[in-house]
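# Geometric and topological summary
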Amino acid sequence: MSVLFQTGKYFLRKSYSYSFCKYVLLRKKSDVPRKFITFDEIVAQRRAEARRSLVVQVNSESSFDELYGYCSKYSSIKDVYHYKNSGEEHFMLIEFSSEDNLQSILQSCCSHQKDLEVMAVQSPFVWFRASDAKEKLTANGLELRVKDGNNKYSEDVLFDDLMKCQTVSEQIQMLYDKTILNDVGARLRYMVARQLEVILSSLYTNIQVLPFGSSVNGFGKMGCDLDLVLTNSLTDEMMSPSNRLVYQEKRSDSSRGPWQRHMELVGALLELRVPGAARVQRILNARVPIVKYSQELVDVDVDLCFNNMSGVHMSSLLYALGSLVPAGPALAVTVRRWAAAVQLTQPHPGRWITNFPLTLMVLFFLMTQKILPTFRRLIECAGKQDVRVTEDNINCTFVRDLSRLPPHSYQPSSDNLQTLLLKFFEFYSQFDFQEHAISVIEGKPIRKPNTLPLYIVNPLEPALNVSRNVSYEECERLKMEVRNAAWHLEACLDNNQADDWGILGLVEKKTTRGLKKLLRAGNQQRLVSVKDLFKDDQPETTPGSDREVQPTRDNKHDRVKLKNTQTAREVYRIRRDKLI
């Protein structure tokens, strides 16, 4: 049984790479159970890191020596991380040794721009101004902790690496390790939340901006969107009856109207007061009003809502189940990547399935195999310290410390990742979607309460179907694609490592796979010329000579002649990699 612990005797292994930890600690069966690192502890750790960190825009990574030398004169520095955004601008994320160190350097060094058109604002995002002083600043031989920490792994390099793997299980593990949200990505997302806390703290008491969703639940990939919830819950100390002086406040009725106005105000502040915030969009008439924007300094798209704490508790649940069995996140990442490749999921909302229901499908499958405990078992093991009830009376009580689970509630799987993935597709290729619903509460199929094509129960709100938007046609496509995936993986058992062997045939986009097959001709697996397929002009010949004179090839010119832009990009990539 594997679990994340704080203390005890463990052996270290390279991580299935949860973004908050450098290693996964595997407990031996003979070890005495220790305290599980809970989601709340992880969030508290990340928030503390953000409170003692600054994001500094610099000229390039070579500015490290001068920046480190300057800041270290005023405060003690713990680590420095480098990254670039999509505009090729360079930034340094500096973590100081303590929050007092950060406040010291802000008071000693930070200034505002003298510009009448700019209203001064304080936030943890600053820039490093060039100096005319002749003093040479150095980092005393120290180096950057991470360089280009926000870079995504190249798709072409990833597919080449997957091709070199010896087994499908190695491919699944590599796909997870290379694409999962890394430490720098997680730190930057908490810095975005910290920026909003600093700017909104003058308007709200006890303000907290908490990340939830893929960025924190262990299933997120590099470049994933950031979901944030804005809360200002009052503590018992702030409402103590012994205090006779009470703040005057604006009263609000219990309808949704005032909260829509609050989010409208937040949207205006994002446009006027938050550095880096761009493309602000207000969606106020939704069930949960949100404000969408892009934080260009960190290169992440953000969805901000107010007081929707059920999303945070759902992230806690997914984090706990993913930490319990490391195969779960690796399996879920592969399934989500497969769904995107076959276009079951789309980057914009609609009548298709999304990543969250797919993750619940993976967890449900692992529960049916007795690898994970059911959500009902987590509820039964909850104590007083686990009680959570949201503002809208949603009961989110379940055990947070999974070391309190009884040993018989789940068992480690003897199957490797390849077998588990094949079983996943076989399981859903035989699942009766017409009669049964998927419920991680019970860990087994239940009777559907209505006739919707796909019914996946929300564990925190059992009356809700998280896949209610999925149409009948999309549900039928889901059934067809899981059957196709199962057949493909079964064919891989013959150890025939073709160009699309293993998960390559699952996670590579259909347009790329189809184009490769189109460009192949005959039994010799020879690639025919793209010119012959897409261009009307024929090669010229010199009179009286058998030798053909080939026209000059211009990749850019060829790409323009292709009517389908996506196909043109794939042709160009194949040419560039010298596949033809």
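To be clear, the structure that these remarks concern was listed above.
Here the structure is a predicted model, which is why all the values come from computation and not from measurement.

Relative to the helices and strands, Glu 197 resides in helix H6 (residues 183-200). Looking at Glu 197, the relative accessible area reads 7%, which means it is buried. Discounting chain neighbours no more than four positions away, the residues touching Glu 197 are Arg 47, Ile 207, Gln 208 and Val 209.

Looking now at the side chain of Gln 195. Its location among the elements puts Gln 195 in helix H6. Owing to a relative accessible area of 0%, Gln 195 belongs among the buried residues under this scheme. Looking at Gln 195, its side chain comes within polar contact range of the main-chain oxygen of Pro 275, at 3.0 Å. Beyond its immediate stretch of four places on either side in the chain, Gln 195 contacts Ser 123, Pro 124, Phe 125, Val 274, Pro 275 and Gln 295.

What follows deals with the sheet that holds strand E11 (residues 300-306). Across the sheet, which stays open at both edges, the five strands sit in the order E7-E8-E11-E10-E9 with mixed pairing between neighbours. If you trace the sheet from one side to the other, it starts and ends with strand E7 (208-212) and strand E9 (277-283), each paired once. Neighbouring strand axes in the sheet, compared pairwise and without regard to direction, differ in orientation by 25 degrees on average. Direction of pairing for E9 relative to strand E10 (residues 290-295): antiparallel, over a ladder of five bridges. Within E10, the position partnered with Ala 278 by the bridge is Ser 294. Each of strand E8 (226-231), E9, E10 and E11 is contacted by helix H7 (residues 257-273), which is oriented at about 165 degrees to E9, the strand it contacts most.

As a further point, take the packing of aromatic side chains. Scanning the model with the defined rule gives 18 aromatic pairs in all. Ring centres 5.7 Å apart and planes at 55 degrees place the aromatic pair Phe 39 and Tyr 319 in the tilted group. Of this pair, Phe 39 sits in helix H1 (residues 39-51) while Tyr 319 sits in helix H8 (residues 310-324), and the two are 280 residues apart along the sequence. The exposure class of Phe 39 is buried, given its relative accessible area of 3%. Judged by its relative accessible area of 2%, Tyr 319 is buried. Aromatic rings pair up to connect Trp 338, Phe 364, Phe 365, Phe 424, Phe 425, Phe 427, Tyr 428, Phe 431 and Phe 433 into one cluster. Residue placement shows Arg 400 over the ring face of Phe 398; its charged tip is 3.8 Å from the ring centre.

Basis of the calculations
- All residue numbers here refer to positions counted from 1 along the written sequence of the relevant chain.
- Since the coordinates come from a predicted model, pLDDT governs what is reported: local features require at least 70, and pairs of side-chain atoms require 80 or more to be given and counted, while whole-chain, interface and lining totals use all residues.
- By convention in this description, side-chain values take in all heavy atoms of the structure and omit both hydrogens and water.
- Note on conventions: DSSP H or I runs of at least 4 residues are helices, E runs of at least 2 residues are strands, and numbering of each starts at the N terminus.
- The buried label applies to any residue whose accessible area, calculated with a 1.4 Å probe on protein chains only, is under 20% of its type's maximum; exposed applies above 50%, and partly exposed to all values in between.
- The criterion used for residue contact is that any of the two residues' heavy atoms lie within 4.5 Å.
- Pairs of N or O atoms within 3.5 Å make up the polar contacts considered here, provided that, within protein, one atom can donate a hydrogen while the other can accept it, and that residues adjacent in sequence are counted only when both atoms are side-chain atoms.
- At least two bridges found by DSSP between two strands is the condition for calling them paired.
- To get an axis, fit a line to the C-alpha atoms, keeping to the stretch in contact for a helix; angles then go from 0 to 180 degrees between the N-to-C directions.
- Pairing of aromatic side chains requires ring centres within 6.5 Å, counting the rings of Phe and Tyr and the six-membered ring of Trp. Pairs whose planes differ by under 30 degrees are stacked, by over 60 edge-to-face, and all others tilted.
- Here, a charge over a ring is recorded when the distance from Lys NZ or Arg CZ to the ring centre is within 6 Å and its angle to the ring normal is within 35 degrees.

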